[in-house]
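# Working through the structure, step by step
Spelled out from the first residue to the last, the chains are:
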Amino acid sequence: MSADEVLATLAASGPRRVFACGVMGALGALLIYLGVLLAPAFLWSLGFVAAGALVAWMGWRQWQITTMALELTEHELRTTTGLTLVAVNDIERIDRGALAFKPSQGFMLRTKSHGPRLWAPGLYWRLGRAIGIGGVTQAGQAKFMAQTLEALIAHRDGGA
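What this report covers is the structure whose coordinates are included nearby. (Residues numbered from 1 in each chain as written. Predicted model: local features only at pLDDT ≥ 70, side-chain atom pairs only at ≥ 80, totals over all residues. Heavy atoms only, no water.)

## A short note on the sheet that holds strand β5 (residues 91–95)
- Strand order across the open sheet formed by three strands is β5-β6-β7, with antiparallel pairing between neighbours. Looking at strand neighbours, the two that pair on one side only are β5 and β7 (124–133), the edges of this open sheet. Between one strand axis and the next, the sheet turns by 75° as a mean value, whatever way the strands run.
- Each of β5 and β6 (107–120) is contacted by helix α3 (residues 139–156), which is oriented at about 145° to β5, the strand it contacts most. (Pairing = 2+ DSSP bridges. Helix = DSSP H or I, 4+ residues; strand = E, 2+ residues; numbered from the N terminus. Axes fitted to C-alpha atoms, helices over the stretch in contact; angles between N-to-C directions. Contact = heavy atoms within 4.5 Å.)

## Notes on the sheet that holds strand β2 (residues 70–72)
- Strand order in the open sheet made by the four strands is β1-β2-β3-β4, with antiparallel pairing throughout. The open sheet has two free edges, formed respectively by β1 (8–10) and β4 (84–87), since each of these has just one partner strand. The average angle at which neighbouring strand axes cross in this sheet is 15°, direction not considered.
- One ladder, built from three bridges, connects β1 with β2; its direction is antiparallel. Bridge assignment links Leu-10 to a residue of β2, and that residue is Leu-70.
- Where α3 meets the sheet, it contacts β1, β2 and β3 (76–79), and its direction lies at approximately 140° from that of β1.

## Thoughts on unusual backbone geometry
- You will see that Gln-105, though not glycine, has its phi angle at about 55°, which is positive.
- Within the element layout of this structure, Gln-105 appears in the loop between β5 and β6.

## Side note on the pattern of salt bridges
- Under the counting rule described, the total for this entry stands at nine salt bridges.
- One salt bridge connects Asp-4 with Arg-78, and the closest N-O pair in it is separated by 2.8 Å. Here Asp-4, found in the segment before β1, pairs with Arg-78, found in strand β3; they are 74 residues apart in sequence, far enough to count as distant.
- A relative accessible area of 12% means that Arg-78 is categorised as buried.
- For Arg-93, the salt bridge identified is with Glu-92, shortest N-O distance 3.8 Å.
- On the basis of relative accessibility, which here comes to 38%, the residue Glu-92 falls in the partly exposed class.
- Linked through salt bridges whose partners overlap, the residues forming this network are Glu-92, Arg-93, Asp-95, Arg-110 and Arg-129. (Salt bridge = Lys/Arg side-chain N within 4 Å of Asp/Glu carboxyl O. Buried < 20%, exposed > 50% of the residue type's maximum accessible area, 1.4 Å probe, protein only.)

## Considerations on the environment of Thr-84
- Following the sequence through the fold, Thr-84 ends up in strand β4.
- Classification of Thr-84 as partly exposed rests on a relative accessible area of 36%.
- Considered as a pair, Thr-84 and Val-23 are 61 residues apart in the sequence and their alpha carbons are 30 Å apart.
- Setting aside chain neighbours within four positions, we find Thr-84 in contact with Glu-76, Leu-77 and Arg-78.
- Polar side-chain contacts of Thr-84 include one of 2.8 Å to the side chain of Glu-76. (Polar contact = N/O pair within 3.5 Å; in protein donor to acceptor, adjacent residues only side chain to side chain.)

## A word on the side chain of Arg-17
- With respect to the secondary-structure elements, Arg-17 resides in helix α1 (residues 14–38).
- Put simply, Arg-17 is tucked away with no salt bridge, and the nearest opposite charge, on Glu-71, sits 16 Å away.
- A distance of 2.6 Å separates a polar atom in the side chain of Arg-17 from the backbone oxygen of Trp-63.
- When sequence neighbours within four positions are dropped, the list of residues in contact with Arg-17 reads Ala-12, Trp-63, Thr-66, Thr-67 and Val-136. (Lys, Arg positive; Asp, Glu negative; His and termini not counted.)

## A look at the pairing of β4
- Examined bridge by bridge, β3 and β4 share three bridges and lie antiparallel to one another. Pairing of Glu-76 across the sheet is with Ala-87, part of β4.
- What sits between β3 and β4 in their antiparallel hairpin is a turn of four residues, with Gly-82 showing a positive phi close to 105°.

All we've got here are geometric facts, nothing functional implied.
Here you go:
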C-alpha cells in the first residue's frame, strides 16, 4: 500500500447539502424581510438585515465548501484541496458514540497537540485539540472512515 493512497473518502450528501444550505438561505431571507418590513425601530431593522445577510452568506459559503471532500490516507486526514487536518500519529482517540459531542452523521477526534482553528460548515471544524468531522456528510462514509481511523490507531499503538 502506498503512503499516499486514499483509504477512505467522506463527502457531503446531496440531499443534506441542499436542505442545509436551503434552510440557511431561507432563514437569511426571513431575517432580511423582518428587518425591512416589520421591525419596530431603525436599530432593530439594521440588526435584522445584518443578521439576515450574515446567515445568507453563511449558507452560500456552506454551499461552496461542501463541494470538497475529506480523504484519509495512512498518514493523514486531509481535504481534497490539500489541507491537512490532522496527522494520524497526532490522533489520541475517536469519539463516535450516541452521546458524544460530535457533528451530525460524524465523529469527533481528540488530538495530542493543539492545532489551528478551522471551520468548513457541514464538513469539519477544529478548535484546540478537538476536531469534529461530519454535518451534511453521508453516514455510511463517516462510519467507514471512523472505523478505518480506529484500525490505523490500533496498528500504530501495536494493538493489531
